[in-house]
Amino acid sequence: MWRVLDGLNEPQQEAVLYGDGPLVVFAGAGSGKTRVITHRVAHLIRERDVAPWRILAVTFTNKAAGEMRERLAQLVPGGSRGLVVGTFHAMCARLLRKHSEAIGIRRDFTIYDDADQQALLKRVMRDLDVDTKRFPPRQISQTIQRAKQEMQEVADRDDLSGYYKDVAAKVADEYESRKERAGAMDFGDLIYRLVLALEKDDELRKEVSGRFRHILVDEFQDTNHSQLRLVHALASVHGNLTVVGDDDQSIYRWRGADRRNILDFRKSYPSAHIVKLEQNYRSSARILRAAHAVISRNTDREPKELWTEKAAGERIFVVGTEDERQEAQLVVRGVEELRAKGEPLDSIAVLYRINAQSRVIEERLLAEDIPYRIVGGVRFYDRAEIKDLLAYLRVLMNPADDVSLLRILNKPTRGIGKTTISRLLDLAAETGVGVWDAMEAAHKDGRFSKGVVRKLDAFRRLMEKLQERATLPLPDLGGLVLDETGYLAMLKAENTPESDARQQNLAELVGSMGEFDARTENATLTQFLEEVTLQSAIDAEDMEEARVTLMTVHSAKGLEFPTVMVTGMEEGMFPFVRQGNMGEDPEELAEERRLAYVAYTRAEDRLILSYARMRRIFNRVEVGTPSRFVLDLPEEDTTWIGDRPSRARRASAAPAYRPDPWDMPQAPPKRKRPPREVDSYIDYSEGSDLGIVEGTRVWHPKFGHGRVTEVRHGMVPPRVAVRFEDGRTKVIQSDRLEPG
DNA sequence: AGAACGGGGCTTTTT
DNA sequence: GCCCCGTTCT
């Protein structure tokens, strides 16, 4: 038999060999999903004579796209040239530019990232006199993005209350027209606008869809509605659509991902063939049993169960600790023990639910001098100096880009201060032009003094001068901008360790411009800016030293480690319950469960779970009971270290410890609450009751008097719903309340 | 123009 | 605890 099928199990072969038409592959964790996709592509090219450029493979991240390209290069040496592998966003940007004329947009549009979008939105809201306290820009921004994801107008959303909707729709309209005028697209637009165009224009759809003969989409459970519609449109001519994913690993509902897209694939394509990959090549049998024990308690999932030929392996450890510091200590001790046994540090991952948990662990690792790396955190392209240089370049390419222009107008300072900028914005708003044009119009406007006009002119001349050189090789242009604008001089003058680091970062960016120039034929500034905006982090990982990896469970998706430690396994932490939330939304809980499933299935040989009885987080103390995701584990596969809840308690999953909310130190008048002596108010005895029931009259320092309408014991301190005298009902942690 | 202060908020994160 | 934002102070 031929190499493409070597080492593939039966369902994998089935997925690779399946002929034309729609195909959905449910690929459980560690079941060889990427192998199937790459081998299928290789099969199409080598056995079925499909031209590489007629195949489109879509992923979510650049990293995934890169890996796929790499593995294909091995499978089809030299033969995959022309194959289109890319993220949804990169692919859409390319198509929008290519068909800009037919779609009616400018070809060299700027792409606004979330920060740019937010900046523009805030300005719009200020101009429209919208109170940003009542309508947080973050929320409005989410509303706008969500609408695009659902292929709707904000005004047509029926999940928004009337008044909020009116305001949001008004803001959205103005935001859209300003963005248009600035010649920019936000992330949501890239997909939304292309789908609109493809659905409206039959000609265009046929052309674009006809170009590809086969479409493969990875991580299909993470697609949102607009992406689904895009895929429909792209496959409309031929229907050769392969989607691969795992509904159990869908953990991005909060950003629009819809599991129904994969679960209901057959509703769109009734003839779709289904393949399930259930053999796992990653984890020990015990780990798989643990993962199954957690995920199988979710309803509404595609039935499947991972199995393995591997041995049972080590038991799963569950470690109970006093607090987060002790937890960190035990994590580090575990790392040291494993290291002493000869296990390399890069085989160990420490996972947590939220980033805020990392600090304590880091401190401990630092203290013990154990090398570690943190995945996530500040991204290279999010650094201020990087964004500044990119903003200069964007303005050179597109002076109408107000967001970028305002960013750099007075950086380094050139005497164009707050007053001048706000006058410019006024003038721009009055005359309906962008800031660049307003700078010109300032000549004939009484509000601008001679001196100010001169400064504005100097800036415009500077930019125009640079524009003339915009065809220089990219790295030369980058260096020129840094010199001519005085940006580099500003950093040099600062002469601090931070400014040195910034210069280094800029040098790195200029270096990457050179690298881009070298590997791209006819590299243009537009192309470079697009790549950079659609890319999250620089992948230059220094691998010279083995390190422990720290990251959130979300970041760990797709990765695997011999040893995985998951920290913070407490009710309220994992499953996480937001402040002001009762924590009982079944959809949210189901997603937390999937997240736990993702966490557990990262482990190959060893899974260690830890929880803390109390945890200081967000500067408050939470008292935790072991997470339901720990209590769900099969007894014969787990070893409890330290506190182990009784069988009865585990069965009921009731909170083990309850504080008495009334028995806490009174805040002295006029001063903030003193740091609490936690031990003094927590009642560890099991039977202690809450003393707070439905109907209890309570008092809250901010909201005043009210009456308890609901108590939720799932977590400690319990969440309590209170109806206050002004008629508002709020969900509050009971330890924030006093009797009254 | 830039530091210094105070308030409020706070999951997860890609593109 | 920490970060972001806006405002005020110097």
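Definitions and limits used
Residues numbered from 1 in each chain as written. Chains lettered and ligands numbered in written order. Predicted model: local features only at pLDDT ≥ 70, side-chain atom pairs only at ≥ 80, totals over all residues. Heavy atoms only, no water. Helix = DSSP H or I, 4+ residues; strand = E, 2+ residues; numbered from the N terminus. Buried < 20%, exposed > 50% of the residue type's maximum accessible area, 1.4 Å probe, protein only. Areas by Shrake-Rupley, 256 points an atom, 1.4 Å probe, with all protein chains shown as cover. Phe/Tyr/Trp six-rings, centres within 6.5 Å; stacked < 30°, edge-to-face > 60°. Lys NZ or Arg CZ within 6 Å of the ring centre and 35° of its normal. Expected span 1.5 Å × (residues − 1). Contact = heavy atoms within 4.5 Å. Axes fitted to C-alpha atoms, helices over the stretch in contact; angles between N-to-C directions. Left-handed = near helix turned anticlockwise from the far one by under 90°. Nonpolar A, V, L, I, M, F, W, Y, C, P; charged D, E, K, R; others polar. 1 Å grid on protein atoms, 1.4 Å probe; cavity = no way out; pocket = protein on both sides within 12 Å on 5 of 7 lines; lining within 4 Å. Points joined across faces, edges and corners; volume = space filled by probe spheres on them. Near = heavy atom within 4 Å. Pairing = 2+ DSSP bridges. pLDDT = per-residue confidence, 0-100. Core = buried A, V, L, I, M, F, W, Y, C linked by side-chain atoms within 4.5 Å. Parallel < 35°, antiparallel > 145°, perpendicular 65-115°, else oblique. Arc of directions from axis to C-beta.

Peer 1: How should the overall build of chain A be read in this particular structure?
Peer 2: Along chain A, the regular secondary structure elements total 30 helices and 21 strands. Within chain A, buried positions represent 54% of all 740 residues. With the model as given, the accessible surface of chain A reaches about 33,500 Å², and the carbon-plus-sulfur share is 48%.

Peer 1: Got a minute to help me understand the packing of aromatic side chains in this structure?
Peer 2: Aromatic ring pairs are reported here in terms of the distance separating the ring centres and the angle at which the planes meet. Within this structure, the stated rule accounts for nine aromatic pairs. Geometrically, the ring pair formed by Phe 220 and Phe 265 is edge-to-face, given 5.9 Å between the ring centres and 90 degrees between the ring planes. Highlighted residues: Phe 220 in the loop between β6 (214–217) and α11 (225–234) and Phe 265 in helix α13 (residues 265–268), separated in sequence by 45 residues. Of the two residues, Phe 220 and Phe 265, both sit in the buried class. By way of ring pairs, the aromatic residues Phe 135, Tyr 163 and Tyr 164 are connected into one cluster. Over the aromatic face of Phe 109 sits the side chain of Arg 97, whose NZ or CZ is 4.0 Å from the ring centroid. A cation over an aromatic ring shows up here: Arg 255 above the ring of Trp 254, its NZ or CZ 5.7 Å from the ring centre.

Peer 1: When you look at helix α8 (residues 162–181) in this model, what are you seeing that I'm missing?
Peer 2: Residues separated by three or four positions in an α-helix point in the same direction, a consequence of the helix having 3.6 residues per turn. Over its 20 residues, α8 runs 29 Å from end to end, which matches the ideal 28 Å to within 8%, given 1.5 Å per residue. For α8, the complete set of buried residues consists of Tyr 164, Lys 165, Val 167, Ala 168, Ala 169, Val 171, Ala 172, Tyr 175, Arg 178 and Lys 179. Close packing links the buried residues of α8 with β4 (110–112), α6 (114–127), α7 (137–149), β5 (184–186) and α9 (187–200). Note on α8: the residue one or two positions beyond its end, Gly 183, has a positive phi of about 65 degrees.

Peer 1: Sorry, what's going on with the packing of α9 against α11 here?
Peer 2: Between two packed helices, the angle of one axis relative to the other and the distance separating the axes together describe the packing. Packing of α9 against α11 brings their axes to within 9 Å, and their N-to-C directions diverge by 40 degrees. At the point where α9 passes α11, the crossing takes the left-handed sense. Here Ile 191, Leu 194, Val 195, Leu 198 and Glu 199 of α9 come into contact with α11, specifically with Ser 226, Gln 227, Arg 229, Leu 230, Ala 233 and Leu 234. Split into classes, the residues belonging to the contact of α9 with α11 amount to seven nonpolar, two polar and two charged.

Peer 1: Would you take a moment to explain empty space enclosed by the protein for this structure?
Peer 2: Vacant regions in the atomic arrangement are exposed by a probe of water-molecule size rolled over the atoms. Throughout the structure, instances matching the rule amount to nine cavities of 30 Å³ or more. As a volume, the largest cavity reaches approximately 100 Å³. Surrounding the largest cavity, 14 residues form its lining, Arg 301, Lys 304, Glu 305, Leu 306 and Tyr 597 being those nearest its centre. If one sorts the elements of the lining of the largest cavity by residue count, helix α14 (residues 285–295) sits on top with four residues. In the lining of the largest cavity, the residues fall into six nonpolar, two polar and six charged.

Peer 1: Just checking my understanding: could you explain the protein's contact with DNA strand C for this structure?
Peer 2: Close to DNA strand C lie Lys 122, Arg 359, Phe 618 and Asn 619. Near-protein atoms of DNA strand C (within 4 Å) split between backbone and bases, with sugar and phosphate holding 56%. Class assignment of the residues belonging to the surface near DNA strand C gives a composition of one nonpolar, one polar and two charged.

Peer 1: Looking at this structure, I do not really get the pairing of strand β12 (residues 548–552). What am I missing?
Peer 2: In regular strands, side chains alternate between the two faces of the sheet. The buried fraction of β12 amounts to five of the five residues, a majority that puts the element mostly inside the structure. The alternating pattern of β12 places Val 548, Leu 550 and Thr 552 and Thr 549 and Met 551 on opposite faces, both of which are buried. With four bridges connecting them, strand β10 (residues 348–352) and β12 associate as parallel partners. Counterpart to Ala 349 in the pairing with β12 is Thr 549. In terms of strand pairing, strand β11 (residues 372–374) meets β12 through three bridges, oriented parallel. When the bridges of β12 are listed, Ile 374 appears paired with Leu 550.

Peer 1: Even after reading the chapter, I still don't get the pairing of strand β15 (residues 620–623), so can you show me in this structure?
Peer 2: Here β15 shows two buried faces, one formed by Arg 620 and Glu 622 and the other by Val 621 and Val 623. What sits between strand β14 (residues 603–617) and β15 in their antiparallel hairpin is a turn of two residues, with Phe 618 showing a positive phi close to 50 degrees.

Peer 1: Mind showing me how you'd approach unusual backbone geometry here?
Peer 2: For residues other than glycine, phi is negative in most cases, and the peptide bonds are mostly trans. In this chain, Lys 411 is followed by Pro 412 through a cis amide linkage whose omega measures 5 degrees. With respect to the element layout, Pro 412 can be found in the loop between α18 (402–408) and α19 (418–431). At the junction of Phe 574 and Pro 575, the peptide bond is cis and its omega measures out at 10 degrees in the coordinates. In the Ramachandran plot, Asp 49 falls in the positive-phi region, its phi being about 55 degrees despite a non-glycine side chain. Residue classification places Asp 49 among the exposed residues on the basis of a relative accessible area of 68%. Residues other than glycine seldom take positive phi values, yet Met 151 does so here, at roughly 60 degrees. Summarising the element assignment, Met 151 is placed in the loop between α7 and α8.

Peer 1: I tried to follow the sheet that holds strand β7 (residues 241–245) on my own but got confused; where do I start?
Peer 2: Hydrogen bonding along the main chain pairs the strands of a sheet, whether they run parallel or antiparallel. Read from one edge to the other, the open sheet built from six strands follows the order β3-β2-β6-β7-β1-β8, with strand pairing classed as parallel. What marks the edges here is a single partner per strand, and that holds for β3 (84–87) and β8 (273–277). Across this sheet, the average inter-strand angle for adjacent strands is 15 degrees, counted without regard to direction. With four bridges joining them, strand β2 (residues 55–59) and β3 adopt parallel strand pairing. Along β3, the bridge assignment pairs Leu 56 with Val 84. Along the sheet face, helix α4 (residues 88–98) touches β2, β3 and β6 and points at about 110 degrees away from the line of β3.

Peer 1: Is there a simple way to explain the confidence of the model for chain A in this structure?
Peer 2: Predicted coordinates in regions of low pLDDT should not be interpreted in detail. In this model, chain A carries an average pLDDT of 84, and 88% of its residues clear a pLDDT of 70 or more. Every residue in residues 646–690 is under pLDDT 50, and counting partners more than four places away or in other chains gives 76 contacts.

Peer 1: I tried to follow the layout of surface pockets on my own but got confused; where do I start?
Peer 2: Estimates place the volume of the second largest pocket at around 1,800 Å³. Within the residue set of the lining of the second largest pocket, elements represented by two or more residues are α3 (62–75), β3, α4, α24 (497–519) and α25 (525–533). Broken down by class, the residue content of the lining of the second largest pocket amounts to 18 nonpolar, eleven polar and 14 charged.

Peer 1: Could you clarify how one ought to interpret the nonpolar core in this entry?
Peer 2: By size, the foremost hydrophobic cluster in this structure holds 50 residues, and its most contacted members are Leu 390, Leu 393, Leu 405, Phe 459 and Phe 528. If you tally residues by element for this core, the top one is helix α17 (residues 384–397), at nine residues. For Phe 459, the contacting residues outside a window of four places in its chain are Leu 405, Ile 408, Leu 409, Arg 414, Ile 416, Trp 436 and Met 439.

Peer 1: Please explain the packing of helix α21 (residues 450–468) against helix α22 (residues 474–484) as it appears in this structure.
Peer 2: Interaxial distance between α21 and α22 falls to 11 Å at its minimum, and their mutual angle equals 160 degrees. In terms of axis orientation, α21 runs roughly antiparallel to α22. Here α21 and α22 pass one another in a crossing that is right-handed. Contacts between α21 and α22 involve Leu 462, Lys 465 and Leu 466 from the former and Leu 477, Leu 480, Val 481 and Glu 484 from the latter. Of the residues assigned to the contact of α21 with α22, the class counts are five nonpolar, no polar and two charged.

Peer 1: Any chance you could explain helix α15 (residues 324–340) here in plain terms?
Peer 2: For α15, built from 17 residues, the straight-helix expectation of 24 Å at 1.5 Å per residue is met to within 8% by its first-to-last C-alpha distance of 24 Å. Residues of α15 that are buried include every one of Glu 324, Glu 327, Ala 328, Val 331, Val 332, Gly 334, Val 335 and Leu 338, and no others. All buried residues of α15 lie within an arc of 150 degrees about the axis, which places them on one face of the element. Turned more than 90 degrees away from the buried face of α15 sit Arg 325, Glu 337 and Ala 340, all of them exposed. Elements that come into contact with the buried residues of α15 comprise β9 (316–323), β10, α16 (358–367), β12, β13 (561–566) and β14. Gly 342 sits one or two positions beyond α15 and adopts a positive phi of about 100 degrees.

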